[in-house]
Amino acid sequence: MVNVEKFIDRAVKQIRDAAGEEKVVMALSGGVDSSVCAALATRAIGDQLVPIYVDTGLMRKGETDRIRSLFADANLRVVDAADEFFEALAGIVDPEEKRKAIGAKFIRIFEREAKRTGATMLLQGTIYPDRIESEGGIKSHHNVGGMPLDIEFKGVIEPLADLYKDEVREVAGGLGLPAEIQHRMPFPGPGLAVRVLGEVTKEKIAIVREANAIVEECLVEEYRPWQCFAALIGLGTGVKGDVRLHGWIVAVRAVGSRDGMTADPLLLPYETLSRMATRITAEIPGVARVVYDVTPKPPATIEYE
């Protein structure tokens, strides 16, 4: 396990040395990784840090309002880029191409915002499992394998690159971050785009966003999963109001894990599964059926893409 005090001192020095007198732009998503990066960078370089939240249109229900409130005192810049991301994803069905399109769009947006603020360096919350999965060809993370090679920044700073998720949470505690952030459930960088199999559209994202919110409401407080979510995996036949429906199939995923490298599905009671399925099919008109994923990692990844 990481020695928290020594790591914080080392990371602060790493950021300060890498930044020098330059301004540093970073993506602040509100997750534990980016929040820890922001806290470390604030200690290291103060007002040289330019935190930016990009509303990709692929975020969870209420996420943007929550981030605005949570980081109201952080001089946070909020960029509404939903249309740009949906345009970049139009027609793409391959998971790797999705991740690369999202990674490229993120970088282009940060380059644009950096020019407006005078920032020349990029700070990222990349952690060790991100690097392992990208370098091993399992899947490209938008801030690692999905990053375009022709970036305009002078350098990229990644102070968490050797840490696992549980170690990042320890550092969050050592930095005094709120428990809400320290123990927040992981959310993929590409957002809900990797929870829609096939082409990403606004309609599909709206459906999976609602389903995801229901899953979290049903599971987070009672079962404390390491991660839980809903994914849109295809179309199937159903019946609503005595009328045939060719609607969406929602897969529910809930796992326990220590660091995300391996994971086991939670053995949820049938009553809980039934309650979730009933809510999802009743509250979301376009959904025909709900299934529960019982596959561990490996052989499956936690996310669907």
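Residues numbered from 1 in each chain as written. Predicted model: local features only at pLDDT ≥ 70, side-chain atom pairs only at ≥ 80, totals over all residues. Heavy atoms only, no water.

The name that an unreviewed UniProt entry assigns to the protein is GMP synthase [glutamine-hydrolyzing] subunit B, with the source organism given as Methanoculleus sediminis. Regarding the protein, the UniProt comment filed under Subunit (unreviewed entry) reads as follows: "Heterodimer composed of a glutamine amidotransferase subunit (A) and a GMP-binding subunit (B)." The Catalytic activity (unreviewed entry) field of the UniProt record for the protein holds the comment "XMP + L-glutamine + ATP + H2O = GMP + L-glutamate + AMP + diphosphate + 2 H(+)". (UniProt positions renumbered as here; feature names shortened; annotations may be inferred.)

Student: Any chance you could explain the sheet that holds strand 5 (residues 155–157) here in plain terms?
Tutor: Strands pair in a sheet through their backbones, by hydrogen bonds, and they do so in one of two ways: parallel or antiparallel. Pairing in this open sheet of five strands is parallel, and the strands run 3-2-1-4-5 from one edge to the other. Bordering the open sheet on either side are strand 3 (77–80) and strand 5, each of which pairs with just one other strand. Neighbouring strand axes in the sheet, compared pairwise and without regard to direction, differ in orientation by 35 degrees on average. Pairing between strand 2 (residues 49–55) and strand 3: four bridges, direction parallel. Each residue of the ladder has a partner; that of Tyr 53, found in strand 3, is Val 78. (Pairing = 2+ DSSP bridges. Helix = DSSP H or I, 4+ residues; strand = E, 2+ residues; numbered from the N terminus. Axes fitted to C-alpha atoms, helices over the stretch in contact; angles between N-to-C directions.)

Student: I would appreciate a short explanation of the domain arrangement of the protein in the present structure.
Tutor: It is common to give the size of an interface as the accessible area lost on bringing the parts into contact. According to the domain assignment, the protein contains domain 1 (4–183) and domain 2 (201–292). Its C-alpha centre places domain 1 at a distance of 28 Å from the equivalent point of domain 2. With twelve residues of domain 1 at the interface, the matching set in domain 2 holds twelve residues. Both sides of the domain 1 and domain 2 interface together cover about 1,100 Å² of buried area, and 59% of this is carbon and sulfur. Among the residues domain 1 hides against domain 2, the three largest losses belong to Lys 61, Phe 86 and Asp 166. Together they make up 41% of the total. Where domain 1 packs against domain 2, one counts four salt bridges. (Domains from an automatic or database assignment. Contact = heavy atoms within 4.5 Å. Buried area = accessible area lost by both parts, 1.4 Å probe. Salt bridge = Lys/Arg side-chain N within 4 Å of Asp/Glu carboxyl O.)

Student: Whenever I open this one, the packing of aromatic side chains confuses me. Can you help?
Tutor: Centre-to-centre distance and the angle between the planes together describe a pair of aromatic rings. Counting across every chain of the model gives four aromatic pairs. Relative to Phe 110, the ring of Phe 106 has its centre 6.3 Å away and its plane inclined at 15 degrees; by these criteria the two rings are stacked. Remark: Phe 110 and Phe 106 occur in helix 5 (residues 95–117); sequence separation between them is four residues, near one turn of the helix. The buried category is assigned to Phe 106, whose relative accessible area is 11%. For Phe 110, a relative accessible area of 3% corresponds to the buried category. An aromatic cluster is present here, built from Phe 85, Phe 106 and Phe 110 joined pairwise through their rings. (Phe/Tyr/Trp six-rings, centres within 6.5 Å; stacked < 30°, edge-to-face > 60°. Buried < 20%, exposed > 50% of the residue type's maximum accessible area, 1.4 Å probe, protein only.)

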